[in-house]
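The chain contents come next:
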Amino acid sequence: CIGKWHLGHLEPFDPNSHGFDYYFGIPYSNDMDHNFPEEVNYFEACNNPKDGYFNVPLRRNREIIEQPANQNTITKRYTEETIKFIKKIRKILYIYIWHIQCRTFRFFRRSILKEKVYAVLMAM
């Protein structure tokens with residue numbers, strides 16, 4: 001399981017407790033666990049996020065490897081982790097990957113608008 005998991009971040013509810021041998025991702029929505037200044041309201045923070053506004057952890061299995069997760073690069077890192085995992089395992093029964101930017105365009109790379117990848121994101 002790679003990507004966003006929103007079925008519970010505590011051990012009984014995490015991906016490793018639900019049949020996934022491996023997990024790499026943010027264990028809940030990327031706008032939770034916020035840490036933005038009082039003068040910034042939630043909608044402003046979501047529409048114009050800054051590094052550190054959201055203190056979400058990036059986990060590998062049950063270990064926090066980065067907090068706050070650098071969400072500016074999270075889609076690329078999810079993809080790279082998926083490719084690395086496939087190359088390591090060589091045979092896969094099932095891989096679940098959820099790119100957070102398919103749900104929301106927070107921390108969205110504006111340069112992607114010039115790339116064909118944007119059309120793929122919008123189609124999803």
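Residues numbered from 1 in each chain as written. Predicted model: local features only at pLDDT ≥ 70, side-chain atom pairs only at ≥ 80, totals over all residues. Heavy atoms only, no water.

1. Things to note about helix α2 (residues 74-89)
In an α-helix, one turn spans 3.6 residues; hence positions three or four apart end up facing the same way.
And step 1. Between the first and last C-alpha of α2 there are 22 Å, a value that for 16 residues agrees with the 22 Å anticipated at 1.5 Å per step.
And step 2. Of the positions making up α2, those classed as buried are I74, R77, Y78, E81 and T82. Relative to the axis of α2, the buried residues are bounded by an arc of 140° and lie together on one face. What points out from α2, more than 90 degrees from its buried face, is the exposed set K76 and K87.
And step 3. Against β1 (2-3), β2 (24-25), β3 (58-60), β4 (63-66) and β5 (97-98) lie the buried residues of α2. (Helix = DSSP H or I, 4+ residues; strand = E, 2+ residues; numbered from the N terminus. Expected span 1.5 Å × (residues − 1). Buried < 20%, exposed > 50% of the residue type's maximum accessible area, 1.4 Å probe, protein only. Arc of directions from axis to C-beta. Contact = heavy atoms within 4.5 Å.)

2. Some remarks on unusual backbone geometry
And step 1. The residue after Q67, namely P68, is reached through a cis peptide bond having omega 0°.
And step 2. With respect to the helices, strands and loops of the structure, P68 is situated in the loop between β4 and α2.
And step 3. With phi around 55°, D33 is a residue other than glycine that occupies positive phi space.
And step 4. Mapped onto the elements, D33 comes out in the loop between β2 and α1 (42-47).
And step 5. Despite not being glycine, N61 shows a phi value in the positive range, around 55°.
And step 6. You can see N61 is positioned in the loop between β3 and β4.

3. What to know about the pairing of β4
And step 1. In terms of strand pairing, β3 meets β4 through three bridges, oriented antiparallel. Along β4, the bridge assignment pairs L58 with E66.
And step 2. Taking the residues between adjacent antiparallel strands as the criterion, β3 and β4 are bridged by two residues, where N61 takes a positive phi near 55°. (Pairing = 2+ DSSP bridges.)

4. Examining the pattern of salt bridges
And step 1. Under the counting rule described, the total for this entry stands at seven salt bridges.
And step 2. Of the charged contacts in the structure, one is a salt bridge between D14 and R59, with a shortest N-O distance of 3.4 Å. Of the two residues, D14 sits in the loop between β1 and β2 while R59 sits in strand β3, which places them 45 residues apart along the sequence. Summarising the burial analysis for this pair, D14 and R59 share the class buried.
And step 3. Here the salt bridges do not stand alone but share partners, grouping E11, D14, R59 and R62 into one network. (Salt bridge = Lys/Arg side-chain N within 4 Å of Asp/Glu carboxyl O.)

5. Quick look at the nonpolar core
And step 1. If you look at the biggest cluster of nonpolar residues, it comprises ten residues: I2, Y22, F24, I26, Y28, V56, L58, A69, I74 and Y78.
And step 2. Within the second largest apolar cluster, six residues are counted, among which are F36, V40, A45 and C46. (Core = buried A, V, L, I, M, F, W, Y, C linked by side-chain atoms within 4.5 Å.)

6. As for the confidence of the model for the chain
And step 1. Considering every residue of the chain, the mean pLDDT works out to 79; 78% of them sit at 70 or more.
And step 2. Least confident of the elements in the chain is helix α3 (residues 117-123), whose mean pLDDT is 45; most confident is β4, at 96.
And step 3. Low pLDDT, under 50, characterises residues 117-124; the stretch is placed with ten contacts to residues that sit more than four places away or in other chains. (pLDDT = per-residue confidence, 0-100.)

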